[in-house]
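Architecture and fold: a report
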There are 2 protein chains.
Amino acid sequence: MRKKAKAAGIPVKQKRLSPEDRRKEFIRKATEFFAEEGFNGGTRELARRLGVTQPLLYRYFPSKEDLIREVYRKVYLEPLDSDWEKRLSDRSRPLRDRLQYFYVTYTDAIFNRVWLRIYLFSGLKGLDINRWYVGTVRDKILTRIIKEWRFEAGLSVQSKPTAKELELAWVFHGGIFYYGVRKFIYESPVLEDKERMIADAIDTFLIGMTRALGKNSREVSRNLNRLETTADR
Amino acid sequence: MRKKAKAAGIPVKQKRLSPEDRRKEFIRKATEFFAEEGFNGGTRELARRLGVTQPLLYRYFPSKEDLIREVYRKVYLEPLDSDWEKRLSDRSRPLRDRLQYFYVTYTDAIFNRVWLRIYLFSGLKGLDINRWYVGTVRDKILTRIIKEWRFEAGLSVQSKPTAKELELAWVFHGGIFYYGVRKFIYESPVLEDKERMIADAIDTFLIGMTRALGKNSREVSRNLNRLETTADR
DNA sequence: TGCACTATTTATCGATCGATAAATGATTAT
DNA sequence: ATAATCATTTATCGATCGATAAATAGTGCA
C-alpha cells in the first residue's frame, strides 16, 4: 500500500548508500521537512519523503531530538561561515557601500522560506542556539556597524555602543529582516527590487543616526552634512 | 493521582459555572496556553490548567480546531476594535504626533508575550486570518500613513501609494514590530524607553520618506525643510 | 423536599507518535 | 562461490493524541 511499486508487485530495489551520504541527505531533507511542517512533523512522514522506512532514521540519529539539533546547527551556522562581517570594517570603502554589500549578501543567504521558518520555529521554542544567534547579530554585526558609523562621523570608537545607538541599529536591521518575513512567511507582495529597499533603508538609517544622536555632540553635527550629502548618489 | 485533594481522599467540590462564563474562561486560558505551548499543545494539559477534565472542553467546542479558531478571533480582532487608525487622519494635529500616538497605543496592545506568540504561530501556519491581518495593516494603517504624509508634503493624496512608498512604510513598521519580537519572543534586552524608540523611528521614517521620494518631485524638496525642522523637538 | 435538567466526570476508543528488536537482503572480502 | 558484514525493512511496543458514550453530581424549580 505504501510503496506504489510494491503494491503493483514489482519489488523496489533496496538502495544502499554510504553512511556519510545518507546522513547528509537525511539532514538536508529533514531541514526542508521541518521547515514546512514544524518540529512536530512526524518521523514517518519524513521517512516517506526520504524514500526510506522510519526506523532507518534511528540508525543515524539516536533520537528525533538529535536529528533536529543537527538541523539547527546547519541552519544557524551556514550563513555565518563567511567573512561578511569582517568586510564591514574595511575602511578603504565608504560605509554606505559596505553596508549595502553586507545586507545584500546576508539577505541572499537568509531570505528563503526554509531558513526563515526554521529560524522562527526555533525562536518560538526559546532555544539556546536562537538566543546565541541574536547575541551574535548584536555583537558581530550591529556593534560593528555602530563602530564604523562612529568612525565615519568622527567620534570615538573605543567605548561600547550606547543603548540608544543599539536600538536604532536594531530597528534598522529589523526593518530589513521583516521584508524577508513578509515575502517568505506571509507570502505578501513586496517591492521586488530588494537592493533598492536595502539602499533606502541604509540611507534612512544613516540619516537617522546623525539626527537622533547628533543632539549630544557638536562634533556629529559638523560631520552630519558630509554624511547626508554622500547620501545623494 | 491527578488531583491532589482527591489523592488525599478529600473530595474536590465540583464547580458549576454558567455556560457563558465557562466558555469565556476556556477561550481566555486557551489563548495563554496555546501561546506558550503552540497549537500542538494537548487538550488534556489545557484542561488540567483549567481545573476541569478534558472531555468537558468538547461540551463547549465541537473540536480542538474550533477552540483554536476562537482564540484567533479574539487575538486578531481585539487590537483592532479601536479607532486608532481613524485618529491617524485627524489633520488638526501634526502628523508626527499622530504617528507617535498611534504606535504607542498600538504597541501597548500587541507588545506582549501572548499576542506576539499567537501571531507568529498562526503566521507560520499560513492561516487566512493572518494574511487578512497583514492586508489590514497595509490598507488601514500604512496606506493611511502614506496618504497623510503626502498631504503634509503637499503632494496629491488621490492615487494609491506607490510600491516604493509602501516599502518604506513597511520597513519602518517592521522595525518597530521587531522591537516587540526581540523583547517578548527572544527575551533579549531592549532600550527600555519604548516611546523614545518609537519617536526616533518616526523621525527617521519621515526624513527617509522625503529623501527617498523627493528625487521625483521638486515639490517635496521644498517641503522637506519644513518637515525636518519640526523633527528637532 | 424531591424531581428534572444539565454541567461535569469516568471510562474508553482508534489513530498516531517516537522508539526498539528481530528479520532480511545488498555489498564486500576471502 | 560463499560467508561475513551491515544497511535496510518488517513487526511491534507503550505513550499520548483528539474525540465519544455513559455515568455522576450540582443546581434550580415544583
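Refer to the structure printed above.
What you are looking at is a predicted structure, and each value in this text was computed from that prediction instead of being measured.

Attention now moves to the overall build of chain A. In terms of regular secondary structure, chain A is built from twelve helices and zero strands. Residues classed as buried in chain A amount to 50% of the 233 residues present. Counting only contacts in chain A whose residues sit at least 6 apart along the sequence, the fraction spanning at least 24 positions is 66%. Carbon and sulfur atoms provide 51% of the accessible area of chain A, an area that totals close to 11,900 Å².

Another point: unusual backbone geometry. For Glu187(A), which is not glycine, the phi torsion reads 50° and is therefore positive. Mapped onto the elements of the fold, Glu187(A) is located in the loop between helix H10 (163-184) and helix H11 (194-214).

The next thing to look at is the relation of the copies chain A and chain B. By a simple turn and slide, chain A fits onto chain B: the slide is 0.0 Å along the axis, the RMSD is 0.0 Å, and the turn is 180°. Seen this way, the second copy is the image of the first under a two-fold rotation axis. The position closest to the rotation axis in chain A is occupied by the C-alpha of Gly175(A), lying 1.9 Å away. A high fraction, 98%, of the interface residues of chain A reappear at the interface in chain B, so the copies pair face to face through one surface.

On to the packing of aromatic side chains, then. Residue and element names in this part refer to chain A. As enumerated under the stated definition, the model contains 43 aromatic pairs over all chains in all. Judged by centre distance (6.4 Å) and plane angle (80°), the ring pair of tryptophan 84 and tyrosine 106 falls under edge-to-face. One end of the pair, tryptophan 84, is in helix H6 (residues 84-87); the other, tyrosine 106, is in helix H7 (residues 95-110), and 22 residues separate them in sequence. Classification of tyrosine 106 as buried rests on a relative accessible area of 4%. The interplanar angle of 80° and the centroid separation of 5.2 Å between the aromatic rings of tyrosine 103 and phenylalanine 172 together place this pair among those described as edge-to-face. Remark: phenylalanine 172 occurs in helix H10 and tyrosine 103 occurs in helix H7; sequence separation between them is 69 residues.

Moving on to the interface of chain A and chain B. Contacts between chain A and chain B engage 44 residues on the former and 43 residues on the latter. Taken together, the two surfaces of chain A and chain B that pack against each other cover about 3,900 Å², and 61% of this comes from carbon and sulfur. Looking at the side of chain A facing chain B, the largest losses of area belong to Leu124(A), Tyr178(A) and Tyr186(A), adding up to 19% of the total buried there. Where chain A touches chain B, the interface holds six salt bridges. We note a salt bridge from Glu187(A) to Arg131(B), for which the minimum N-O separation is 3.0 Å. For the pair chain A and chain B, the interface holds 14 residue pairs in polar contact (both at pLDDT 80 or more). The set of elements that each furnish at least two residues to the side of chain A that touches chain B consists of helix H8 (113-125), helix H9 (128-152), H10 and H11 of chain A.

Moving on: helix H5 (residues 64-77) of chain A. All names here are of chain A. Given a rise of 1.5 Å per residue, 14 residues ought to cover 20 Å, and the 20 Å separating the end C-alpha atoms of H5 matches this to within 8%. Those residues of H5 not exposed but buried are Leu67, Ile68, Val71, Tyr72, Val75 and Tyr76. All buried residues of H5 fall inside an arc of 160° around its axis, so they share one side. On the buried face of H5, the contacting elements are helix H2 (19-37), helix H3 (43-50), H8 and H9.

Within the largest apolar cluster, 140 residues are counted, with the highest numbers of intra-cluster contacts made by Phe34(A), Tyr103(A), Tyr119(A), Phe34(B), Tyr103(B) and Tyr119(B). In contact with Phe34(B), other than residues within four places in its own chain, are Phe39(B), Gly41(B), Leu46(B), Lys64(B), Leu67(B), Ile68(B), Val71(B), Ile118(B) and Phe121(B).

Rules of the game
Residues numbered from 1 in each chain as written. Chains lettered and ligands numbered in written order. Predicted model: local features only at pLDDT ≥ 70, side-chain atom pairs only at ≥ 80, totals over all residues. Heavy atoms only, no water. Helix = DSSP H or I, 4+ residues; strand = E, 2+ residues; numbered from the N terminus. Buried < 20%, exposed > 50% of the residue type's maximum accessible area, 1.4 Å probe, protein only. Contact = heavy atoms within 4.5 Å. Areas by Shrake-Rupley, 256 points an atom, 1.4 Å probe, with all protein chains shown as cover. Least-squares fit on C-alpha atoms with pLDDT ≥ 70 in both. Phe/Tyr/Trp six-rings, centres within 6.5 Å; stacked < 30°, edge-to-face > 60°. Buried area = accessible area lost by both parts, 1.4 Å probe. Salt bridge = Lys/Arg side-chain N within 4 Å of Asp/Glu carboxyl O. Polar contact = N/O pair within 3.5 Å; in protein donor to acceptor, adjacent residues only side chain to side chain. Expected span 1.5 Å × (residues − 1). Arc of directions from axis to C-beta. Core = buried A, V, L, I, M, F, W, Y, C linked by side-chain atoms within 4.5 Å.

That's the geometry; what it means functionally is another story.
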